[in-house]
Amino acid sequence: MQQIINFVIRNKTFLLFLLLFGVSLALTIQSHSYHRSKFINSANFFTGGVYKQVNNIGQYFDLKSENQKLLEENNRLKSILFNRETDTLKSFYADSTMYSKRFKLTPAVVYKNSYSATNNYLTINKGKKDGIQQDFGVITSKGIIGIIDNTSNSYARVQSILNTNSRINAQLKKTSHIGSLRWDTKSPELAQLKDVSKFAPVAEGDTIVTGGQSTIFPKGIPIGTVNDFVLDIGGDTYTINVKLFNDMTNVGHVYIIEHLDREEIETLQNPVNE
């Protein structure tokens, strides 16, 4: 307290000047509309700049939660997209319980991704406790990533499409000619669509999508475009180099696809011999 009193005594002339200056400034602003408007505008400019910076800082620290919200919204929209045929049928029937959703999507984050080996895998942060099982498909907003081949309680391993053991049913989007998507290990940007009929009107730039002839991926999920193609030695089929939509060297967020009718379809296709 004594130090404060000593400071006031030492600087009494300057402090008195500041007090009188403040009073005169206040009286000037109050008595002149022009000065008052300038003061208000200046104050608004200053406080607006301060609030903007505070808001920017807050938004930076909220990025994680905002990204999670976007991921969940994308997941919801993709679920609607994959089930649009079911929704259309439901609108024609009073008893909507006749038709249930066929696909369920779960967002996940990639913890590890390999792309330079012969057989590549990804590790994601969803597992058995999240209802994830072997043979669920994995995609991004751009296209397919691979198929889950192993799970633990909290994590799952995904067999990448950049894997020599990968076999995915795919087709030409414009004609529905089907083939088998594989990988020749030469480039992470290209996969090969094999066994496509020689009667298919293939052209560079054509879009390749999933064929939907399995219980893993819905029909029509993007894969890539035709980079080039050759007629096989036998002369009956094409091998097509497909430039992938996904950059397989840079995968962060993915969606896991569960076909809800999978067990029923597989039981029908593979009946147990009694």
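Residues numbered from 1 in each chain as written. Predicted model: local features only at pLDDT ≥ 70, side-chain atom pairs only at ≥ 80, totals over all residues. Heavy atoms only, no water.

1. Let's talk about the confidence of the model for the protein chain
Reading fine detail from the predicted coordinates is not recommended where pLDDT is low. Confidence in the prediction of the protein chain, expressed as mean pLDDT, is 78, and 67% of residues score 70 or more. Under a pLDDT of 50 for its full length, residues 85-100 has, in the predicted model, eleven contacts with residues more than four places off or in other chains. (pLDDT = per-residue confidence, 0-100. Contact = heavy atoms within 4.5 Å.)

2. Structural notes on the packing of aromatic side chains
One pair of aromatic rings is described through two measures. These are the centre distance and the angle between the planes. In total, this model carries two aromatic pairs according to the counting rule given. With centroids separated by 5.7 Å and ring planes inclined at 50°, the aromatic side chains of Tyr111 and Tyr155 adopt a geometry described as tilted. With Tyr111 in strand β1 (residues 103-113) and Tyr155 in the loop between β4 (144-151) and β5 (156-163), this pair connects stretches of sequence that are 44 residues apart. Residue classification places Tyr111 among the exposed residues on the basis of a relative accessible area of 52%. For Tyr155, a relative accessible area of 38% puts it in the partly exposed group. Taking 5.5 Å as the distance between ring centres and 85° as the angle between the ring planes, the aromatic pair formed by Phe229 and Tyr238 counts as edge-to-face. When its relative accessible area of 28% is taken as the criterion, Phe229 is described as partly exposed. (Phe/Tyr/Trp six-rings, centres within 6.5 Å; stacked < 30°, edge-to-face > 60°. Helix = DSSP H or I, 4+ residues; strand = E, 2+ residues; numbered from the N terminus. Buried < 20%, exposed > 50% of the residue type's maximum accessible area, 1.4 Å probe, protein only.)

3. Some points on the pairing of β5
With seven of eight residues buried, β5 is to be regarded as a mostly interior element. Here five bridges tie strand β2 (residues 119-124) to β5, and the two strands are oriented antiparallel to one another. By the bridge assignment, Ile124 is partnered in β5 with Ala156. As paired elements, β4 and β5 share five bridges and run antiparallel to each other. (Pairing = 2+ DSSP bridges.)

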